[in-house]
Amino acid sequence: VGHCHPDIVKAAHEQNQLLNTNSRYLHDNLVDYAERLSKTLPEKLCVFYFLNSGSEANDLALRLARQYTKHEDVIVLDHAYHGHLTSLIDISPYKFRNLEGQKEWVHVAPVPDTYRGLYREDHEDSGTAYANEVKSIIEQAHKRGRKIAAFIVESLPSVGGQIIPPAGYFQKVAEHVHKAGGIFIADEIQVGFGRVGKCFWAFQLQGEDFMPDIVTMGKPIGNGHPIACVATTKEIAEAFAATGVEYFNTFGGNPVSCAIGLAVLDVIEKEHLQAHATEV
């Protein structure tokens, strides 16, 4: 929302002057913020985990997926980048190709690029064709005794080249992934919060009939302040909680971060930034 936006600076300053506790303690800011975020998402995405960075968010998304599905393998897009933790370097072809290479539990699907990719604008149904590539990867993995935990994708691949996936691609991929017992993770860390203009979340560009199982957020969420979020369904959250190993993050969801997050949402709304992004 702009460098040193006065509303954000004020919200941070006012909350900073009050007692700051870690997230073991209840605070209205956390609940208020989760409620505000929930209004921007499909109703089923109603459980929120707050963290400090997009990398933490994607790492937690993988943990949630694996706990829920009891599977290990992950499908990613070529050229993808999902963060700087070891777990995320492993699923980022953009990084691992220059490091230790591809792990056996990682499967790389072609970028659904209708400009330079396998199936282009002149293809009769590029969305289905690219989704079938994912289906083929799943079939090959099953032949080797592998099981898919998740398909993770930036809702609009950014490091991979600012690619807008063809219509219907996410729906068809989700169908194949769900059939294989996996879940669909939409990484909105670079492209969320109205940046795509027409919609608040980039995955919504695929249509109202599409809903990811997990959405991860970072970067613009705090206008430069370290805050991130994972939104998911009750079913996935309950499977995660059933282990008895609670998720705890000392600074995730602290009152200052949540005050800033709320202020960012206020500014986006007040200054019509989504409409501005559409126009630009």
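Predicted, not measured: the structure shown is a model, and the values here were computed from it. (Residues numbered from 1 in each chain as written. Predicted model: local features only at pLDDT ≥ 70, side-chain atom pairs only at ≥ 80, totals over all residues. Heavy atoms only, no water.)

Please explain helix H9 (residues 255–270) as it appears in this structure.
Two residues of an α-helix separated by three or four positions point the same way, owing to the 3.6 residues in each turn. Over its 16 residues, H9 runs 22 Å from end to end, which matches the ideal 22 Å to within 8%, given 1.5 Å per residue. Of all 16 residues that make up H9, 13 are buried, and the element is covered over most of its length. Between the side-chain oxygen at the start of H9 and the backbone nitrogen of valine 256 there is a gap of 3.0 Å, and the oxygen is on asparagine 254. (Helix = DSSP H or I, 4+ residues; strand = E, 2+ residues; numbered from the N terminus. Expected span 1.5 Å × (residues − 1). Buried < 20%, exposed > 50% of the residue type's maximum accessible area, 1.4 Å probe, protein only. Polar contact = N/O pair within 3.5 Å; in protein donor to acceptor, adjacent residues only side chain to side chain.)

I'm lost on the side chain of asparagine 29 in this one. Help?
Tracing the sequence through the fold places asparagine 29 in helix H2 (residues 28–38). Relative accessible area serves as the criterion here: at 12%, asparagine 29 is assigned to the buried category. The contacts of asparagine 29, once residues within four sequence positions are left out, are Gln15, Pro255, Cys258, Ala259 and Leu262. (Contact = heavy atoms within 4.5 Å.)

How should the packing of helix H1 (residues 6–16) against H9 be read in this particular structure?
Between two packed helices, both the angle of their axes relative to each other and the distance between the axes serve to describe the pair. Interhelical geometry of H1 versus H9 gives an angle of 155° and a closest axis separation of 9 Å. By the angle between their axes, H1 is roughly antiparallel relative to H9. In this structure, H1 meets H9 at a crossing whose hand is right-handed. Residue-level inspection shows Asp7, Ile8, Ala11, Ala12, Gln15 and Asn16 of H1 in contact with H9, the latter providing Pro255, Val256, Ala259, Ile260, Ala263, Val264, Val267 and Lys270. A breakdown of the residues in the contact of H1 with H9 according to their chemical character gives ten nonpolar, two polar and two charged. (Axes fitted to C-alpha atoms, helices over the stretch in contact; angles between N-to-C directions. Parallel < 35°, antiparallel > 145°, perpendicular 65-115°, else oblique. Left-handed = near helix turned anticlockwise from the far one by under 90°. Nonpolar A, V, L, I, M, F, W, Y, C, P; charged D, E, K, R; others polar.)

Looking at this model, I keep getting lost on the pattern of salt bridges. Mind explaining?
Oppositely charged side chains can pair when the atoms bearing their charge come close. Applying the stated criterion across every chain yields a total of nine salt bridges. With a shortest N-O distance of 2.5 Å, aspartate 7 and lysine 270 are connected by a salt bridge. One end of the pair, aspartate 7, is in helix H1; the other, lysine 270, is in helix H9, with 263 residues separating them in the sequence. What makes aspartate 7 partly exposed here is its relative accessible area of 27%. Take lysine 270: its relative accessible area is 53%, and that puts it in the exposed class. With a shortest N-O distance of 3.6 Å, lysine 103 and glutamate 100 are connected by a salt bridge. The exposed category is assigned to glutamate 100, whose relative accessible area is 73%. Three or more residues are tied together by salt bridges with common partners; here these are Glu72, Asp73, Glu104 and Arg146. (Salt bridge = Lys/Arg side-chain N within 4 Å of Asp/Glu carboxyl O.)

For this particular structure, what's the right way to read the packing of helix H3 (residues 54–69) against helix H8 (residues 234–241)?
At a minimum axis separation of 8 Å, H3 and H8 run at an interaxial angle of 85°. In this view, H3 runs roughly perpendicular relative to H8, as classed from their interaxial angle. The residues of H8 that touch H3, namely those facing Leu60, Arg63, Leu64, Gln67 and Tyr68, are Glu235, Ile236, Ala239 and Phe240. Looking at side-chain class alone, the contact of H3 with H8 contains six nonpolar, one polar and two charged residues.

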